[in-house]
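A structural walkthrough
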Amino acid sequence: DYEMNPGGYGMSSLDLSQSHKSTVIEEYTPDASRAGTCQSERELEQELIRMLTAQGYEYLPVRSEEELVDNLRRQLERLNGYTFSDSEWEQFFRDCIAGKNDGIAEKTRRIQADPIQNLHRDNGATKNIALIDRGNIHNNSLQVISQYEDKTGECRYDVTILVNGLPLVHVELKRRGVAIREAFNQIKRYQRDSFWTSSGLYEYVQIFVISNGTHTRYYSNTTRDRRVRETGRKTGSSFEFTSCWADGKNRVISDLEDFTKTFFARHTLLNILTRYCVFTTEKMLLVMRPYQIAATERILSRIEVAHTYKKAGTLEAGGYIWHTTGSGKTLTSFKTAQLAAGLPYI
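For every chain, the first residue of the written sequence is number 1, and numbering continues from 1 onward in sequence order. Since the coordinates come from a predicted model, pLDDT governs what is reported: local features require at least 70, and pairs of side-chain atoms require 80 or more to be given and counted, while whole-chain, interface and lining totals use all residues. Hydrogens and waters are ignored; side-chain quantities use all the structure's heavy atoms.

**What to know about the pairing of strand 6 (residues 166–173)**
This is how the line gets drawn: The buried label applies to any residue whose accessible area, calculated with a 1.4 Å probe on protein chains only, is under 20% of its type's maximum; exposed applies above 50%, and partly exposed to all values in between. Going along the chain from the N terminus, every DSSP run of H or I of four or more residues is numbered as a helix, and every run of E of two or more is numbered as a strand. Two strands make a pair as long as DSSP finds a minimum of two bridges between them.
With respect to burial, strand 6 is a largely interior element, eight of its eight residues being buried. Where strand 5 (residues 156–163) meets strand 6, five bridges bridge the pair, whose relative direction is antiparallel. Bridged to valine 163 within strand 6 is leucine 166. Here five bridges tie strand 6 to strand 7 (residues 207–211), and the two strands are oriented parallel to one another. By the bridge assignment, valine 169 is partnered in strand 7 with isoleucine 207.

**Digging into the sheet that holds strand 7**
Here six strands make up an open sheet; going across it, the order is 1-4-5-6-7-8 and the pairing mixed. Here the strands that pair on one side only, and so sit at the sheet edges, are strand 1 (58–59) and strand 8 (216–220). As paired elements, strand 1 and strand 4 (residues 142–149) share two bridges and run parallel to each other. By the bridge assignment for strand 4, tyrosine 59 is matched with valine 144.

**What to know about the pairing of strand 5**
Of all eight residues that make up strand 5, seven are buried, and the element is covered over most of its length. For strand 4 and strand 5, the ladder comprises seven bridges, and the chain directions are antiparallel. What sits directly across from serine 146, in strand 5, is valine 159. Connecting strand 4 to the antiparallel partner strand 5 that follows it, the hairpin turn spans six residues, and glycine 153 within it adopts a positive phi of roughly 80 degrees. The loop that links strand 5 with its antiparallel partner strand 6 comprises two residues; one of these, asparagine 164, has a positive phi angle of about 55 degrees.

**A few points about helix 1 (residues 41–54)**
Note the cut-off: A helix is expected to span 1.5 Å for every residue after the first. An arc is given here, and it is the one of the directions from the helix axis to the C-beta atoms. Note on contacts: a residue pair qualifies if any of its non-hydrogen atoms lie within 4.5 Å across the two residues.
Between its first and last C-alpha atoms helix 1 spans 20 Å; for 14 residues at 1.5 Å apiece the expected length is 20 Å, and the two agree. When we look at burial in helix 1, the residues that qualify are Leu44, Glu45, Leu48, Ile49, Met51 and Leu52. Buried residues of helix 1, viewed axially, fall in a sector of 165 degrees; they line one side. On its buried side, helix 1 packs onto strand 1, strand 4, strand 5, strand 6 and helix 7 (256–262). Where helix 1 terminates, the next one or two residues include glycine 56, which has phi positive at roughly 105 degrees.

As structure tokens, this is what we get:
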């Protein structure tokens, strides 16, 4: 949980948690009428896709890697206002997207730290090509595909969200009543056996979502498991690193439909991907929990108010964030400082 000392000089008028800028919805009331509803995995998938398209996602009937790569080319051309020649695309895809020696860490770094890649044009010039627009998040395209098959035809992935054609969020579903851990274990099998095959585009996934309809959790595509093996530290199943989504009052949003309305809202998802993930020096991707995001945005709101009302440097500009032990104060502080450093008056 978290609290913040309001100070009493008009913070509510600029509070990010009450504005369109807020990533975490301030208060959400779940639909209790769904309690006990029986849905198959297929029904959950269809309802998820229906809700995503209603929220502005484009559905694509993509089933093969060839179709996925063709769409990626079109989306990057749209984002950058540039049309690749066939030779330029072949070079860019080979060197800047799907390098043979690139793994999860290299691909994650491109999304989180180095999204501008160099294209060597046919005329000898060099052009910057963005994989994702981190400055204007709504300039990015959001698409959804389902039942994508790997090259072997042995693996079918439930639902994947493409950002500018790259698979950055993946959802695995189980029917209501089945343990959510089964979806988690299925993703682990895909990571071991399938995501890296062919061009390895699924190693670009930043966030996984698992759900049995009733319970939904999310977590980052991290190299934590490999690090545990290298250090020999036994931390138990990495399922412990999955997180619940919640509203600004820290009330858990668990049902898949409620989760989709909030977490998968375009502004929220794009903000999480571009602002509230941290790629560490140990090559681990961390995705922040909702109370950390809410705390960060309240501190940033505090800074904005202090600047607007010329209170910077005074006690009135202060506040405090209260967390329980182990809840991630250090990550919250780091991300807040990183984002605050980008403000024009800081």
